[in-house]
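One-letter residues, chain by chain:
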Amino acid sequence: MKKTILLIDDCDMMRRFLTPVFSDNFNVIAMHHPFEAILWLKTNPAPDVIVLDFEFPDMNGLEMLQHLRIRKAWSEVPVIMLSGLKNTEMRWKCLETGANDFLSKPFHPKELVLRVNALIKNRQDKPIALEESY
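Residues numbered from 1 in each chain as written. Predicted model: local features only at pLDDT ≥ 70, side-chain atom pairs only at ≥ 80, totals over all residues. Heavy atoms only, no water.

Draft legend 1. Geometry of the nonpolar core. Counting 24 residues, the largest nonpolar core has Leu 6, Ile 8, Ile 50, Leu 52, Met 64, Met 81 and Cys 94 as its most contacted members. Secondary-structure elements contributing two or more residues to this core are strand E1 (3–8), helix H2 (34–43), strand E3 (49–53), helix H3 (61–70), strand E4 (79–83) and helix H4 (88–97). Filtering out sequence-adjacent residues up to four positions away, Cys 94 remains in contact with Phe 54, Leu 62, Leu 65, Met 81, Ala 99 and Phe 102. (Core = buried A, V, L, I, M, F, W, Y, C linked by side-chain atoms within 4.5 Å. Buried < 20%, exposed > 50% of the residue type's maximum accessible area, 1.4 Å probe, protein only. Helix = DSSP H or I, 4+ residues; strand = E, 2+ residues; numbered from the N terminus. Contact = heavy atoms within 4.5 Å.)

Right under this line is the structure:
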(Lines give C-alpha, C1' and ligand atoms only; values in the text may rest on other atoms or scores of the structure.)
Protein backbone atom coordinates (compact mmCIF):
# COMPACT_ATOMS: atom_id res chain seq x y z
CA MET A 1 0.00 0.00 0.00
CA LYS A 2 1.36 3.40 -1.00
CA LYS A 3 2.14 6.01 1.63
CA THR A 4 0.45 9.41 1.29
CA ILE A 5 2.19 12.75 0.94
CA LEU A 6 0.27 15.97 1.44
CA LEU A 7 2.01 18.66 -0.61
CA ILE A 8 1.01 22.23 0.24
CA ASP A 9 2.45 24.92 -2.02
CA ASP A 10 0.74 27.91 -3.63
CA CYS A 11 3.06 27.78 -6.65
CA ASP A 12 1.38 25.81 -9.44
CA MET A 13 4.75 25.14 -11.05
CA MET A 14 6.16 23.64 -7.83
CA ARG A 15 3.12 21.38 -7.36
CA ARG A 16 3.33 20.25 -11.01
CA PHE A 17 7.07 19.66 -10.60
CA LEU A 18 6.88 17.66 -7.35
CA THR A 19 3.74 15.59 -7.96
CA PRO A 20 5.32 13.33 -10.62
CA VAL A 21 8.51 13.06 -8.56
CA PHE A 22 6.53 11.21 -5.89
CA SER A 23 3.56 9.74 -7.76
CA ASP A 24 5.19 6.41 -8.72
CA ASN A 25 5.73 5.46 -5.09
CA PHE A 26 3.32 7.64 -3.12
CA ASN A 27 -0.25 8.88 -3.20
CA VAL A 28 0.23 12.62 -3.67
CA ILE A 29 -2.42 15.03 -2.45
CA ALA A 30 -1.47 18.48 -3.75
CA MET A 31 -3.07 21.57 -2.22
CA HIS A 32 -2.51 25.21 -3.05
CA HIS A 33 -3.21 26.77 0.38
CA PRO A 34 -3.06 25.77 4.06
CA PHE A 35 -6.80 26.48 4.51
CA GLU A 36 -7.59 23.99 1.74
CA ALA A 37 -5.26 21.45 3.38
CA ILE A 38 -6.92 21.88 6.79
CA LEU A 39 -10.31 21.14 5.26
CA TRP A 40 -8.89 18.04 3.59
CA LEU A 41 -7.20 16.89 6.81
CA LYS A 42 -10.46 17.18 8.75
CA THR A 43 -12.18 14.64 6.49
CA ASN A 44 -9.37 12.24 5.54
CA PRO A 45 -6.86 10.01 7.31
CA ALA A 46 -3.66 11.80 8.27
CA PRO A 47 -0.98 11.61 5.56
CA ASP A 48 2.34 9.89 6.18
CA VAL A 49 4.32 13.08 5.46
CA ILE A 50 3.46 16.72 4.83
CA VAL A 51 5.65 18.82 2.53
CA LEU A 52 4.80 22.43 3.36
CA ASP A 53 5.95 25.63 1.71
CA PHE A 54 6.66 28.55 4.02
CA GLU A 55 5.30 31.49 2.05
CA PHE A 56 1.54 31.92 1.55
CA PRO A 57 -0.80 34.88 1.58
CA ASP A 58 -3.03 35.02 4.71
CA MET A 59 -1.38 32.13 6.61
CA ASN A 60 2.30 31.30 6.40
CA GLY A 61 3.79 27.84 6.71
CA LEU A 62 4.86 28.45 10.31
CA GLU A 63 1.26 29.23 11.29
CA MET A 64 0.11 26.08 9.49
CA LEU A 65 2.79 24.08 11.29
CA GLN A 66 1.59 25.46 14.64
CA HIS A 67 -1.95 24.46 13.70
CA LEU A 68 -0.78 20.93 12.88
CA ARG A 69 1.19 20.52 16.09
CA ILE A 70 -1.67 21.46 18.42
CA ARG A 71 -4.11 18.95 16.86
CA LYS A 72 -3.68 15.46 18.31
CA ALA A 73 -4.62 13.75 15.03
CA TRP A 74 -1.90 15.57 13.10
CA SER A 75 0.71 16.32 15.75
CA GLU A 76 2.91 13.33 14.93
CA VAL A 77 2.81 13.64 11.12
CA PRO A 78 6.33 14.43 9.89
CA VAL A 79 6.59 17.83 8.20
CA ILE A 80 9.26 19.03 5.79
CA MET A 81 9.25 22.79 5.33
CA LEU A 82 10.29 24.30 2.00
CA SER A 83 11.30 27.91 1.49
CA GLY A 84 13.09 30.14 -0.93
CA LEU A 85 13.94 32.48 1.96
CA LYS A 86 17.49 32.25 3.24
CA ASN A 87 16.58 33.49 6.74
CA THR A 88 18.35 31.25 9.27
CA GLU A 89 16.25 32.45 12.22
CA MET A 90 13.06 31.57 10.35
CA ARG A 91 14.40 28.05 9.73
CA TRP A 92 15.25 27.71 13.40
CA LYS A 93 11.76 28.87 14.37
CA CYS A 94 10.19 26.24 12.10
CA LEU A 95 12.37 23.51 13.60
CA GLU A 96 11.62 24.72 17.14
CA THR A 97 7.89 24.68 16.34
CA GLY A 98 8.03 21.06 15.27
CA ALA A 99 9.14 20.80 11.66
CA ASN A 100 11.03 17.56 11.20
CA ASP A 101 13.15 18.93 8.39
CA PHE A 102 13.73 22.09 6.37
CA LEU A 103 14.86 22.36 2.77
CA SER A 104 15.81 25.60 1.04
CA LYS A 105 14.76 26.25 -2.55
CA PRO A 106 16.16 25.56 -5.03
CA PHE A 107 16.77 21.92 -4.17
CA HIS A 108 17.31 18.71 -6.08
CA PRO A 109 14.16 16.55 -6.10
CA LYS A 110 16.20 13.46 -5.18
CA GLU A 111 17.22 15.16 -1.93
CA LEU A 112 13.57 15.78 -1.06
CA VAL A 113 12.67 12.16 -1.88
CA LEU A 114 15.52 10.90 0.33
CA ARG A 115 14.39 13.13 3.20
CA VAL A 116 10.75 12.01 2.84
CA ASN A 117 11.81 8.35 2.79
CA ALA A 118 13.99 8.86 5.89
CA LEU A 119 11.10 10.45 7.80
CA ILE A 120 8.76 7.61 6.88
CA LYS A 121 11.36 4.99 7.86
CA ASN A 122 12.09 6.74 11.17
CA ARG A 123 8.39 6.89 11.93
CA GLN A 124 7.95 3.18 11.20
CA ASP A 125 10.95 2.29 13.36
CA LYS A 126 9.57 4.22 16.35
CA PRO A 127 8.19 1.98 19.06
CA ILE A 128 4.48 2.46 19.54
CA ALA A 129 3.58 3.65 23.02
CA LEU A 130 0.77 1.67 24.55
CA GLU A 131 -1.80 3.59 26.52
CA GLU A 132 -2.41 2.23 29.96
CA SER A 133 -6.04 1.55 30.78
CA TYR A 134 -7.23 1.61 34.35
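Draft legend 2. Local environment of the pairing of strand E5 (residues 101–104). Alignment of E4 against E5, held across 4 bridges, turns out to be parallel. Of the residues in E5, the one forming a bridge with Met 81 is Phe 102. As for the winding sense of the linkage, the β-α-β connection from E4 through H4 to E5 is right-handed. (Pairing = 2+ DSSP bridges. Right-handed = clockwise from strand over helix to strand, strands pointing away.)

Draft legend 3. Highlighting the pattern of salt bridges. Scanning all chains against the criterion turns up 5 salt bridges. The salt bridge involving Asp 101 is made with Arg 115; its shortest N-O contact spans 2.6 Å. Here the residue Asp 101 occupies a position in strand E5, and Arg 115 occupies one in helix H5 (residues 109–125), the gap between them amounting to 14 residues. Among the salt bridges present, the one from Glu 111 reaches Arg 115, with a minimum N-O distance of 2.5 Å. Of the two residues, Glu 111 and Arg 115 both sit in helix H5, 4 residues apart, roughly one turn of that helix. Take Glu 111: its relative accessible area is 32%, and that puts it in the partly exposed class. (Salt bridge = Lys/Arg side-chain N within 4 Å of Asp/Glu carboxyl O.)

By themselves these figures say nothing about function.
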